[in-house]
Amino acid sequence: MDCTQAEYTAHCCAFFTAIFQTLQQDLSGELPALRSSSPDAAIKTWNDKMCDLRSEARTEFFDIVKSRYQATLDRIKIPKESTDVTAKPTAKKGTWPSRKMKAPKERTGVASTLQKAVAQLGSMSLTGSNSKVPKDITSVASTSENPGAQLRNEKVEAPQLEGESFIRSAFQDMLIAMPHIFAAGRKRKGKKEGKEEEEGLGNEPKLVIAFDEAHPLSKLSSKGFRPLHILGSVINSYSRKNDAPVWVVFASTTSQVADFSAPQVIHDSQRVAVAGELLFPPYTNLGWDQFAIPLCDVLANDVATFRHIVGFGRPLWKSHVQEQVVDGVMELAAQKLCKSKTFDPKATNQALAVLSQRFGLDICFGHPDAVSYIETGVASHLRVCFSTTDDRIWSFTGYPSEPLLSCVAAILLHETPGHLKQALLVLREKIDGGMVEIGQSGELTSRLLLLLAKDLFVRQKPSKCAIQDLHCNRGGDTELLDCQKVSVIKFLEYLFGTTFWSKAGEEAKTAFQHAYINFSHWVSMTEFISPSDNLTAEGSSARCNAQEWTLRHWHRTSAVQCCHLQPLVDKMIPIYFDDPVLDSDDMKRVSQIFISEKAGKNRNVRELNRITRTHDAIQCLSDLPYIALLLDLNVALDPQLNVTFPKRHPAHLKTDRCLRIYASGMSNTTFPFLNQHADVASLLQGLLSRQTEAPSQTALQALVKFGSTARLHNSRWEAQTTSQLES
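Since the structure is predicted, the reported quantities are computational estimates derived from the model, not experimental observations. Throughout, residues of each chain are indexed from 1 in the direction in which the sequence is written. Only residues with pLDDT of 70 or above have their local features reported here, since the model is predicted, and side-chain atom pairs are shown and tallied only from 80 upward, although totals for entire chains, interfaces and linings are computed over all residues. Side-chain measures were taken over the full set of non-hydrogen atoms in the model, leaving aside hydrogen atoms and water.

(A) Seen up close, the overall build of the protein. Secondary structure elements follow DSSP: runs of H or I of four or more residues count as helices, runs of E of two or more count as strands, with numbering from the N terminus. A count of helical and extended segments in the protein gives 23 helices and 19 strands. If you take every contact in the protein between residues at least 6 apart in sequence, the share linking residues at least 24 apart comes to 70%. In these tables, accessible area is a Shrake-Rupley quantity obtained with a 1.4 Å probe, and a residue counts as shielded only by the protein chains included in the view. If you sum the accessible surface of the protein, you get close to 38200 Å²; carbon and sulfur atoms cover 51% of it. Pairs of residues are marked as contacts when any of their non-hydrogen atoms sit within 4.5 Å.

Laid out in C-alpha cells, this is it:
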C-alpha cells in the first residue's frame, strides 16, 4: 500500500459515504413499505437480490457505489504528506509507533500529554498484579480502563479525519430517511423496580457491512500505518455519537483475525488488556445448516437430490444456487476445498483436506507439524474453527458433516485413476510420521475400507443422470452419485464376494431385499449412542429416539464413528427399508449396521455374538432386522468370512433378528474387490501394520507414561532403554 495515512483515511471515508448514500437511494422506491409497521418483507426482498452474486441489481448497486465513492473522494481535501499524520516504527522493541501531528495551538498541552503517555505505555508490564500506571497517564484514561490507578475524568476529542464531515452527513441522512428500520429495535420507556428505564436501541443489527478476508488490514503498510486502525477510526467517527444498530464485521478464515484488537495508542478509548487477556475474541459461532430443509419435508427416497444436500453445512453453497440449477456450485466447492482450480493429490494440504472431510482424520496435537497444518486448513481448505481459548494459543477445529463437500471430495479422489493412490500415499506418510492417528483398534483403516468400497462400487455402473463430475449443469432434483441409495444385498456381495449370500442363506437375502445404505462420509461421536442421562435430560439435551437419530443420519448421508468408550460397537451405518409393505412413516423404516473392529493378531469370533442393539448404551430397537459386523482386520493367517442369520421362529422377538458377519484379515480372500484395486489393498495393509509398529515419537514417550497402562512398553524400563539404544 503506497498511499499515505491521510489518503487512506480519505478513501475509507469516501467508501462509507458512498455505501450510505447508495443504500438510501436504492431503497427510496421501497420507502412506503419500509415506513410501515412491518418493513421485514421489503428488507427480505432487497436482501435476496443482494445475496444473489450474479444479479443485475447487485451489480448496479455497486456500480453506483463506485461512482459516488469517486465523486466524494474528489471533494475531500487531503493534506500534503509533509503535514500529514505519519507513523514510524520505533527502534525499541515492544513499543508502539510514535505519531507526528500538526495539532491546533489550543490543544498543544493535551497532545503533549498523549505523546508522553504513549511513550510510557510502551514499557509498561500488564501481566503483574503489582504493575503501576504512571501518574502522567491519568489525564487521558478512565478509572474503569486502568484498575487501581487514580484517574481524572478528562475527555480528549479525536482529531478531525479527512472526509469526516461527508461520512457523518451521509450516515445521518440515511437514518432520517429510514427511521422504521433503524428504530425498530428501540426499547420503550418503562418502570422497573421503581426506576424508569432509559430509552435506547436494541443490540440486534439492522445493517451489517462485512469485510471478507480482512486479515491483510492488520499488516503494517509501507508508509508506517495499519489500515485496520484507520478503518476503526473512520467507523468511530460516524457511530460514536449515535446508537443506531449498524454493525461492521471483519471476517477472515485465518488466525490473524485474532490480532484485530486495537492498541491504546491508536484508540485511546479502548480498554487496556490486563493479566495477559486479549481484547475482542474472534467470533466463531456462525451457525450451521441455515438452509437445511426440515426432516419432515423431505422423503427418505429424495435425500440424494442436489436441492436437499446443498442446504446442509455452511450457507455459502445455497447462496450460489441460481434457479435451482447445479451450475458452478460444485466447482466453487472444489476450488475452495483445494485452494486451487485443480486438485493436486501430491500436495499435502490438498490431499489431507479432501481425505479429512470424508474420513474424519484425527490429528496428533503433540506433533510439530500439527499447528501449521491446522492453521493452513482453516485459512485455505475449509476446515472450521469451532472456538479458541482466551489467549488464542489453542483453537478447536475440524470438518463437520457437510454432505455436498463430501461429494465434491469423492469426485476429486476418483477423478483420475491416480488421484486416490497419490492421496493415500500422502496419508501414509503423515501416519508414519505420527501426525495422523490411526486409532487403537484400526478405526481409520475400517473407515477407509468401507467408504472406499462404496465409492468404487457406485462407480462401476453409475447412473447416467446422477451428478458425478464438478461441471454438471442439471436441475436441483438431480441426485448426487455419492448420496444415492445403494442396495445392501449388492453392496455386501461386492464387499465380501459373490458367494456371500449363499453363505448367509436365502432367508437372510429375503430379509434385506428392500434394504439400502447411502453414506458419503463419517462423523464422530463424543458420547454413547444412548447416554446414561437420557431419561433425565430435557430440552435440546434430550436424546433423539433411535428412529429419528438413524433417519437424520440417512438424510445427511452420514455414517457414525462411535466414541472410544462406546460398549460393544465402534461404528454405525444407517439402513433404510424401501419396502411398500411397511408403514409409510420413514421413522419406522430405518435400521442399522453395527460394526465392531479389532486390531489384535488373535481372533475374536466370540465377540460377534455379544453385539446387540438392546444394550443400555445403544437402545436402537426396531421391528426390522439389523446387521452386526466384526472386523478382525489384523489377523494375518487363514483369513475367514463367517455369516449367520437365525431362522424365523414365532417365539423370537423381531428385534433379535440379526445378520452376523465375521471378517478376518485384510486380504483379497475376505474382500475380493481388492483384487481389482491392488494399490488400495497395499496401502490399507500398510496402515494395519502401524497398529503394532508405533511411530517413533510414541515409542519414545512410552517410558514417561509409566503406569498409564499395564502393557510392557509402559512398564518394563529395561526393554524400553534397550529399544531406544537400538534405534
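Moving on, there is more to tell.
(B) Representation of the state of the cysteines. In this description, a disulfide is simply a cysteine sulfur pair whose atoms lie within 2.5 Å. Counted by the stated rule, this structure contains 0 disulfides. Between Cys-13, a free cysteine, and Cys-12, which holds the nearest cysteine sulfur, the sulfur-to-sulfur gap is 7.0 Å. For Cys-13, a relative accessible area of 0% puts it in the buried group. Cysteine Cys-483 remains unbridged, with the sulfur of Cys-407 as its closest cysteine sulfur at 3.2 Å. Exposure remark for Cys-483: the relative accessible area of 1% places this residue in the buried category. A 1.4 Å probe rolled over the protein chains alone gives each residue an accessible area, and that area as a share of the maximum for its type sets the label: buried under 20%, exposed over 50%, partly exposed in between.

(C) Structural view of the environment of Tyr-662. With respect to the helices and strands, the residue Tyr-662 is situated in strand 19 (residues 658-664). Between the C-alpha atom of Tyr-662 and that of Leu-629, which follows or precedes it by 33 residues, the distance is 6.0 Å. In this structure Tyr-662 touches Arg-603, Asn-604, Val-605, Leu-608, Leu-630, Asp-632, Gln-640, Leu-641 and Asn-642, once residues within four positions along its chain are discounted. Within the structure, the side chain of Tyr-662 is placed 2.7 Å from the side chain of Asp-632, a separation counted as a polar contact. Polar contacts, as used here, are pairs of N or O atoms within 3.5 Å; protein pairs need one atom able to donate a hydrogen and one able to accept it. Residues neighboring in sequence count only if both atoms are side-chain atoms.

(D) Examining the packing of aromatic side chains more closely. Aromatic pairing here means that ring centres of Phe, Tyr or Trp (its six-membered ring) are within 6.5 Å. Orientation follows from the plane angle: under 30 degrees is stacked, over 60 is edge-to-face, and everything else is tilted. As enumerated under the stated definition, the model contains 22 aromatic pairs in all. Centre to centre, the rings of Phe-20 and Phe-171 are 5.1 Å apart; their planes meet at 55°, and the pair counts as tilted. Taken together, the positions of Phe-20 in helix 1 (residues 5-26) and Phe-171 in helix 6 (residues 164-177) put the pair 151 residues apart, joining distant regions of the chain. One exposure class covers both Phe-20 and Phe-171, and it is buried. When the ring of Trp-46 is compared with that of Phe-61, the centres are 5.8 Å apart and the planes differ by 75°; the resulting orientation is edge-to-face. Remark: Phe-61 occurs in helix 4 (residues 56-75) and Trp-46 occurs in helix 3 (residues 40-51); sequence separation between them is 15 residues.

(E) Representation of the nonpolar core within the structure. The set of buried Ala, Val, Leu, Ile, Met, Phe, Trp, Tyr and Cys residues whose side-chain atoms join them within 4.5 Å is what this entry labels a nonpolar core. With 108 residues, the main nonpolar core has Met-330, Leu-492, Phe-496, Phe-500, Leu-659, Ile-661 and Phe-671 as its most contacted residues. In terms of residue count, the dominant contributor to this core is helix 16 (residues 443-458) (10 residues). Judged by nonpolar contacts, the second largest core, of 42 residues, contains Ala-10, Ile-76, Phe-171 and Tyr-238.

(F) Representation of the side chain of Gln-484. The residue Gln-484 is located in the loop between helix 16 and strand 11 (486-487) in this model. A relative accessible area of 14% places Gln-484 in the buried class. Not counting residues up to four positions away in its chain, the partners in contact with Gln-484 are Ala-304, Ser-463, Ala-466, Glu-479, Ile-517 and Asn-518.

(G) Layout of empty space enclosed by the protein. Using only the protein atoms, space was sampled on a 1 Å grid; points where a 1.4 Å probe fits but cannot get out form cavities, open sets with protein on both sides within 12 Å along at least five of seven lines form pockets, and lining residues are those with an atom within 4 Å of a point. Grid points are joined across faces, edges and corners, and a volume is the space filled by probe spheres set on the points. Per the counting criterion, the structure on display carries 2 cavities of 30 Å³ or more. Roughly 70 Å³ of volume is contained in the largest cavity. Lining of the largest cavity is provided by Leu-450, Phe-491, Leu-492, Leu-495, Ile-517, Ile-573, Ile-593, Ile-595, Ile-627 and Leu-629. Secondary-structure elements contributing two or more residues to the lining of the largest cavity are helix 17 (488-496), strand 16 (590-598) and strand 17 (626-632). Per-element tally for the lining of the largest cavity: the top contributor is helix 17, with 3 residues. Under the grouping applied here, Gly and all other residues not named as nonpolar or charged are polar, the nonpolar ones being Ala, Val, Leu, Ile, Met, Phe, Trp, Tyr, Cys and Pro and the charged ones Asp, Glu, Lys and Arg. Its residues placed into classes, the lining of the largest cavity shows 10 nonpolar, no polar and no charged. Quantified by volume, the second largest cavity comes out at close to 30 Å³. Lining the second largest cavity, in full, are Leu-424, Leu-427, Arg-428, Leu-448, Leu-683, Leu-684 and Leu-687. Listed by contribution, the elements that provide at least two residues to the lining of the second largest cavity are helix 15 (417-432) and helix 21 (678-689).

(H) Main features of a negative patch on the surface. Without a salt bridge and with relative accessible area above 30%, a residue can belong to a patch; like charges are then joined within 9 Å and nonpolar side chains (Val, Leu, Ile, Met, Phe, Trp, Tyr) within 5 Å. Salt bridges are defined as contacts in which a side-chain nitrogen from Lys or Arg sits within 4 Å of a carboxyl oxygen from Asp or Glu. Think of it this way: Lys and Arg go in the positive column, Asp and Glu in the negative one, and His and the chain ends go nowhere. Note that the charge is assigned to NZ on lysines, CZ on arginines, CG on aspartates and CD on glutamates. Taken together, Asp-26, Glu-30, Glu-56, Glu-60 and Asp-63 make up a surface patch of like negative charges. It is helix 4 that contributes the most residues to the negative patch, 3 residues altogether. Among the secondary structure elements, Glu-30 is positioned in the loop between helix 1 and helix 2 (31-34). On the basis of relative accessibility, which here comes to 32%, the residue Glu-30 falls in the partly exposed class.

(I) Summary view of the packing of helix 15 against helix 16. Between N-to-C directions, angles cover 0 to 180 degrees, with each direction set by a line fitted to C-alpha atoms, over the stretch in contact for helices. Running from N to C, helix 15 and helix 16 cross one another at 175°; their axes reach a closest spacing of 14 Å. Classified by the angle between their axes, helix 15 and helix 16 sit roughly antiparallel to one another. Within the contact between the two elements, helix 15 uses Leu-420, Leu-424, Leu-427 and Ile-431 and helix 16 uses Leu-444, Leu-448 and Leu-452. Residue composition of the contact of helix 15 with helix 16, grouped by class: 7 nonpolar, no polar and no charged. Each angle receives one of four descriptions, namely roughly parallel if under 35 degrees, roughly antiparallel if over 145, roughly perpendicular if within 65 to 115, and oblique otherwise.

(J) Structural view of helix 8 (residues 227-239). How far a helix is expected to stretch is found by multiplying one less than its residue total by 1.5 Å. With 13 residues, helix 8 extends 18 Å between its outermost C-alpha atoms, agreeing within 8% with the 18 Å of an ideal straight helix rising 1.5 Å per residue. Most of helix 8 is tucked away, with 10 of its 13 residues classed as buried. Summarising the contacts, the buried residues of helix 8 are in contact with helix 1, helix 6, strand 5 (207-211) and strand 6 (246-250).

(K) The environment of Pro-179, seen in detail. Within the secondary structure, Pro-179 is located in helix 7 (residues 179-182). A relative accessible area of 34% means that Pro-179 is categorised as partly exposed. For the pair formed by Pro-179 and Ala-244, sequence separation is 65 residues and the distance between their alpha carbons is 10.0 Å.

(L) Representation of the pattern of salt bridges in the model. This structure, assessed with the given rule, holds 16 salt bridges. Asp-48 is paired through a salt bridge with Lys-44; the nearest N and O atoms lie 3.0 Å apart. Separated by 4 residues within a single helix, Asp-48 and Lys-44 lie in helix 3, roughly one turn from each other. Judged by relative accessible area, which is 43%, Asp-48 ranks as partly exposed. A residue is classified by how much of its surface remains accessible, and Lys-44, at 52% relative accessible area, is exposed. Here Asp-455 and Arg-358 are joined by a salt bridge, their closest N and O atoms 2.6 Å apart. Residue Asp-455 is located in helix 16, and its partner Arg-358 is located in helix 12 (residues 348-359); the two are separated by 97 residues in the primary sequence. Looking at Arg-358, the relative accessible area reads 0%, which means it is buried.

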